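# Geometric and topological summary
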Amino acid sequence: MLVVKNVTKKYGKIKANDNISFTVSDGEIAVLLGPNGAGKSTIIKCISGLLRFEGEIKLNGYANKTLEAKRLLGYVPEMPAVYDMLTVREHLEFMLRSYKIKDDGYADSLLERFELFDKKDKLGKELSKGMQQKLSICCALVHKPRVVIFDEPMVGLDPHAIKELKEVFRKLKNDGASVLISTHMLDSVESCWDKAYIMKGGCFCAQTTPDAENGKTLEELFFEITEGGRE
Amino acid sequence: MGSVAYLLSRKIINRIKEAFHRPAELILIILFVFLMGFTVFAGNAEEPVTALRDINELYAIILALYTLIFILTSKSGFVNGASMFSMADVNLIFTGPKKQSGVLFYGLLSQLGRSLILGFFILYQYSWLHDSYGISFGTLIIILVGYGITVFLSQMFAMLIYCVTSGSDRKNKIFKSVYLLVIGAFFAYLFIKVCLGGGSLLKNTVTLANSAVMNFFPISGFVRMGVVGAIGKKYVSLIISLACFAAFCVIYFILISVINADYYEDVLKATEISFSAITARKEGKAVEAAPRNVKVGKTGFTKGEGASAIAQKHKIENRRAKFFILDTMGVIMAVITIAIGFFSKSAVFALLFDVYMMIFTVSAGRWAKELSLPYIYLIPEPPFKKLLYALREQFPSLVMQSVIIFGVLFCLIEMTIPEAVSFALAKVSFGFMFIGVNLLISRLLGNSESKAFIVFVYFIFAFIFAIPGLAAAFAAYSMFFTGIWLAVVIMSVINIVVSMVLVFLCRNILECAQYNNR
């Protein structure tokens, strides 16, 4: 379970996130929506432990910067960056060693799922941007995290990978993980979201569930809230 | 094996394997090793014909080099820090279950390796250093290690400055003022002691640089003390230097790990900036070295139509990037060249060094950035005209740099007016020629070939196109014996003709991007 409580992040005098609170329960998929510059990536970096902030963020009861919390976290960054001089398979090997987990074949199954298995001996620098993104997703999932944060995960992915990623979202949900997805590709999460948090100017301007919206699409909701003035 | 040890070992092993898979890279490595071997062999082959120079001059040069590195590196701490991490480290290690102090140690270790690799240019100085000061290759390795340690500690210092000041503009201003005050006081002290001390400027500089007080200049002072201790077997100096090094590291760890235990945010921005620059370079895109706070000033184009709009755009960009004829790199190179001419008392040597460095720096002009963007190809003007306007920005800085370097050297060392003028002309002519060679390489190989191969071919072409001028200079000097200046003027004229031919041959490079494989 991910709990974000009264989080404020300032850069000098500018508030990138202003008193944000939300939760993502076990087995729940929450989507984080908002126009460019709304503060989505900032809150994601705060949750991932990359930024300092005022407030409280907990993962399954552990403060997000503790080692216990980090063991539970999977993070797919906005900018996929891989090691130039490590092969695809070595990236996963490195992640398994980092998290002190024995390889039970899951790493290879992830590579197969994202069509990277035949490229397992390719160096990071030889991968296209799309492949780097797939590898980044595999690295975030290989230690079977309980809280997974995706920051624009669909960018650069081919249709097969998008299909597989949607399947991964569903599997994570069924396995009881808490999933937070920030994306502009609204139709890609249309079929699986449980909660939507819509940000504007560093704050939440709305939060809703599919049941409360009577069949409205995320796109309709997004424009209604960000441009139509709905509170 | 732990994950970090696994990561470091795989990186090294894969880099070696990679070199064998890329013939061009392998050839370049072999060429560098061969050149290094040749430099050492040639340096050792003949004993110095003249008496050796005072070794204290070398110690002064070492201090100057280390201090320059310290100032240039540490001042980046006021802007964006100096990240020792890659973006992959941020994404995969920072978010993982590792203690921040352990991650910091990994970053420092990686940085030390990179620092030593960067300093390899020092090894190529063996021949003249051996000839002038009688040093062995082992001594040069000690100087290289000192250089690596200076870069390493300076980056740590920059990161410390960034961690302390990044959150507050007020703190940034206060620390920057103190920093500038200390550096300014240091140079004022140097100036007073050297210029007002009477007698020879060179002698005063060397005496002052070797005085005990200089050993306590931050980082570069105590590193130089250790290097001098190791070279001269002065074990007390070496031990004091090592103690300073250890104390610096301990204080650093305490400050970073205890006072500001959560440093991830502080390195994140610097890492993102460096990642964007690396990605842009890999994709052959332009990287603008603009200051953090760009003062927009007057907006809009008042002049410039068609191709001349390119030159006008460069003027505006330079104004906003605070480049006034000379950019920061230009000033640094001028200072280093003057220092080398001053210490070696040889304008020829200063020219040789400057020409060598121009091989690397001349491609940093705005014209090179233009080639990587689509706009210049789309402007409906003749490609040759566009090319000339794109190159125009480069000329004033080349001329200005030449005038400054050889004007100052004229005042500092024994040089006649014709020599100063001819050397300045020679620098400009080589600058033109390297621009021509860069264009030719861009036209022939573009952006799609291996970078190592491009560098290799660039070196070969730079050498080949310099031959006509050098041969003519040699012939003129052998025939007339009227002094070196006439030979240098003839060489410069031929260089300029060669560069004009090269630019003319590449006149269609801006017709379409495909011509340079963009």
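Residues numbered from 1 in each chain as written. Chains lettered and ligands numbered in written order. Predicted model: local features only at pLDDT ≥ 70, side-chain atom pairs only at ≥ 80, totals over all residues. Heavy atoms only, no water.

## A look at the domain arrangement of chain B
All names here are of chain B. Domain parsing of chain B yields domain 1 (1–46), domain 2 (51–282) and domain 3 (314–516). Just the C-alpha atoms count here: the centres of domain 2 and domain 3 sit 30 Å apart. Counting residues at the interface gives 12 residues for domain 2, matched by nine residues for domain 3. For the pair domain 2 and domain 3, the summed buried area comes to about 1,100 Å², and 79% of that belongs to carbon and sulfur atoms. In terms of surface lost to domain 3, no three residues of domain 2 exceed L68, W128 and L202, which account for 37% of the buried area on that side. Scanning the region where domain 2 abuts domain 3 turns up zero salt bridges. At the surface where domain 2 touches domain 3, the tally comes to zero residue pairs in polar contact (both at pLDDT 80 or more). (Domains from an automatic or database assignment. Contact = heavy atoms within 4.5 Å. Buried area = accessible area lost by both parts, 1.4 Å probe. Salt bridge = Lys/Arg side-chain N within 4 Å of Asp/Glu carboxyl O. Polar contact = N/O pair within 3.5 Å; in protein donor to acceptor, adjacent residues only side chain to side chain.)

## Considering helix α3 (residues 55–74) of chain B
Taking 1.5 Å as the rise per residue, α3 of chain B with 20 residues should run 28 Å; its terminal C-alpha atoms sit 29 Å apart, in good agreement. Two or three places before N56 of chain B, at the start of α3 of chain B, stands the capping residue D54 of chain B, its side-chain oxygen 3.0 Å from that residue's backbone nitrogen. (Helix = DSSP H or I, 4+ residues; strand = E, 2+ residues; numbered from the N terminus. Expected span 1.5 Å × (residues − 1).)

## Let's talk about the side chain of N14 of chain B
Relative to the helices and strands, N14 of chain B is located in helix α1 (residues 3–21). Residue N14 of chain B is classed as buried on the basis of its relative accessible area of 4%. A polar side-chain atom of N14 of chain B sits 2.6 Å from the main-chain carbonyl oxygen of M85 of chain A. Within the structure, N14 of chain B has its side chain in polar contact with the side chain of E90 of chain A (distance 2.7 Å). Discounting chain neighbours no more than four positions away, the residues touching N14 of chain B are M85, L86, T87, E90 and L123 of chain A. (Buried < 20%, exposed > 50% of the residue type's maximum accessible area, 1.4 Å probe, protein only.)

## Points about the interface of chain A and chain B
Taken together, the contact pairs 37 residues of chain A with 37 residues of chain B. Interface area, chain A with chain B, both sides summed: about 3,300 Å², of which 60% is carbon and sulfur. On the chain A side of the interface with chain B, the three residues burying the most area are R52, Y83 and M85 of chain A, jointly 21% of the side's total. Where chain A meets chain B, there are three salt bridges. Between R10 of chain B and E90 of chain A there is a salt bridge, with its nearest N and O atoms 2.6 Å apart.

## Here we look at the sheet that holds strand β4 (residues 54–59) of chain A
Ordered by their spatial adjacency, four strands build an open sheet running β2-β1-β4-β5 (chain A), and the pairing between neighbours is antiparallel. The open sheet has two edge strands, β2 (14–24) and β5 (62–63) of chain A, and neither has a second partner. (Pairing = 2+ DSSP bridges.)

## Observations regarding the nonpolar core
In terms of nonpolar packing, the biggest core is built from 150 residues, with L2, F22 and F150 of chain A together with Y263 of chain B touching the most fellow members. The greatest single-element share of this core, amounting to 12 residues, is contributed by helix α7 (residues 137–165) of chain B. Residues from two domains meet in this core; each of domain 1 (1–46) and domain 2 (51–282) of chain B gives at least three. Non-local contacts of F22 of chain A, meaning those with residues more than four positions away in its chain, are made with L2, V3, V4, I43, I47, L180, Y197 and F204 of chain A. Core analysis: the second largest hydrophobic core is formed by 56 residues, L391, L398, I441 and I454 of chain B among them. (Core = buried A, V, L, I, M, F, W, Y, C linked by side-chain atoms within 4.5 Å.)

## Looking at the layout of surface pockets
Reported here for the second largest pocket is a volume of approximately 1,000 Å³. Forming the walls of the second largest pocket are 42 residues, and the residues nearest its centre are K9, K10, Y11 and G12 of chain A together with E265 of chain B. Elements with a contribution of two residues or more to the lining of the second largest pocket: β1 (2–11), β2 and α1 (40–47) of chain A together with α7, α8 (169–195) and α12 (264–282) of chain B. Per element, the largest residue contribution to the lining of the second largest pocket is five residues, and it comes from α12 of chain B. A class-by-class count of the residues in the lining of the second largest pocket yields 12 nonpolar, 14 polar and 16 charged. (1 Å grid on protein atoms, 1.4 Å probe; cavity = no way out; pocket = protein on both sides within 12 Å on 5 of 7 lines; lining within 4 Å. Points joined across faces, edges and corners; volume = space filled by probe spheres on them. Nonpolar A, V, L, I, M, F, W, Y, C, P; charged D, E, K, R; others polar.)

## Remarks on the side chain of H314 of chain B
Residues and elements named next belong to chain B. Its place among the elements puts H314 in helix α13 (residues 308–320). Classification of H314 by relative accessible area gives buried; the value is 0%. Residues contacting H314, with those up to four places away along its chain left out, are R366, W367, E370, Y389, A390 and E393.

## Topic: the pairing of strand β3 (residues 28–33) of chain A
The two faces of the sheet receive side chains in turn, since in a regular strand these alternate between them. Residues and elements named next belong to chain A. Of all six residues in β3, six are buried; the element is thus mostly enclosed. Here β3 shows two buried faces, one formed by E28, A30 and L32 and the other by I29, V31 and L33. Examined bridge by bridge, β3 and strand β8 (residues 178–182) share five bridges and lie parallel to one another. Looking across to β8, one finds that E28 is bridged to S178.

## Observations concerning unusual backbone geometry
A positive phi is found at K100 of chain A, a non-glycine position, where the angle reads about 55 degrees. Assignment of secondary structure puts K100 of chain A in the loop between α3 (88–98) and α4 (106–113).

## Considering the environment of Y263 of chain B
Among the secondary structure elements, Y263 of chain B is positioned in the loop between α11 (235–259) and α12. Classification of Y263 of chain B as buried rests on a relative accessible area of 1%.

## Re the environment of Y189 of chain B
All names here are of chain B. Among the secondary structure elements, Y189 is positioned in helix α8. Along the primary structure Y189 and L208 are separated by 19 residues, whereas in three dimensions their C-alpha atoms are 9.9 Å apart. Y189 has contacts with L208, V213 and M214, leaving out every residue within four places of it along the chain.

## Brief notes about the sheet that holds strand β10 (residues 203–208) of chain A
Residues and elements named next belong to chain A. The strand order β6-β7-β8-β3-β9-β10 describes an open sheet built from six strands, whose pairing is mixed. Strands at the two margins of the open sheet, each flanked by one partner only, are β6 (73–76) and β10. Averaged over all neighbouring strand pairs, the angle between strand axes comes to 15 degrees, with direction disregarded. Each of β3, β6, β7 (147–151), β8 and β9 (195–200) is contacted by α1, which is oriented at about 150 degrees to β7, the strand it contacts most. Strand contacts of helix α6 (residues 159–174): β3, β7 and β8, with the helix running at about 155 degrees to β7, the strand carrying the most contacts. (Axes fitted to C-alpha atoms, helices over the stretch in contact; angles between N-to-C directions.)

## A word on the pattern of salt bridges
Residues and elements named next belong to chain A. Enumeration according to the criterion identifies 20 salt bridges over all chains in this entry. Salt-bridge contacts for E28 lead to K195; the nearest nitrogen and oxygen are separated by 3.2 Å. Of this pair, E28 sits in strand β3 while K195 sits in strand β9, placing them 167 residues apart in sequence. One exposure class covers both E28 and K195, and it is buried.

## Observations regarding the packing of α3 of chain B against α7 of chain B
Residues and elements named next belong to chain B. Two elements in contact, α3 and α7, have axes separated by 8 Å at closest approach and are oriented at 25 degrees. As judged from the angle between their axes, α3 and α7 are roughly parallel. The interaxial crossing formed by α3 with α7 has right-handed handedness. Residue-level inspection shows L58, I62, L65, Y66, I69, F70, T73 and S74 of α3 in contact with α7, the latter providing I142, I143, G146, Y147, T150, V151, S154, Q155, F157, A158 and I161. Across the contact of α3 with α7, the residue classes break down as 13 nonpolar, six polar and no charged. (Parallel < 35°, antiparallel > 145°, perpendicular 65-115°, else oblique. Left-handed = near helix turned anticlockwise from the far one by under 90°.)

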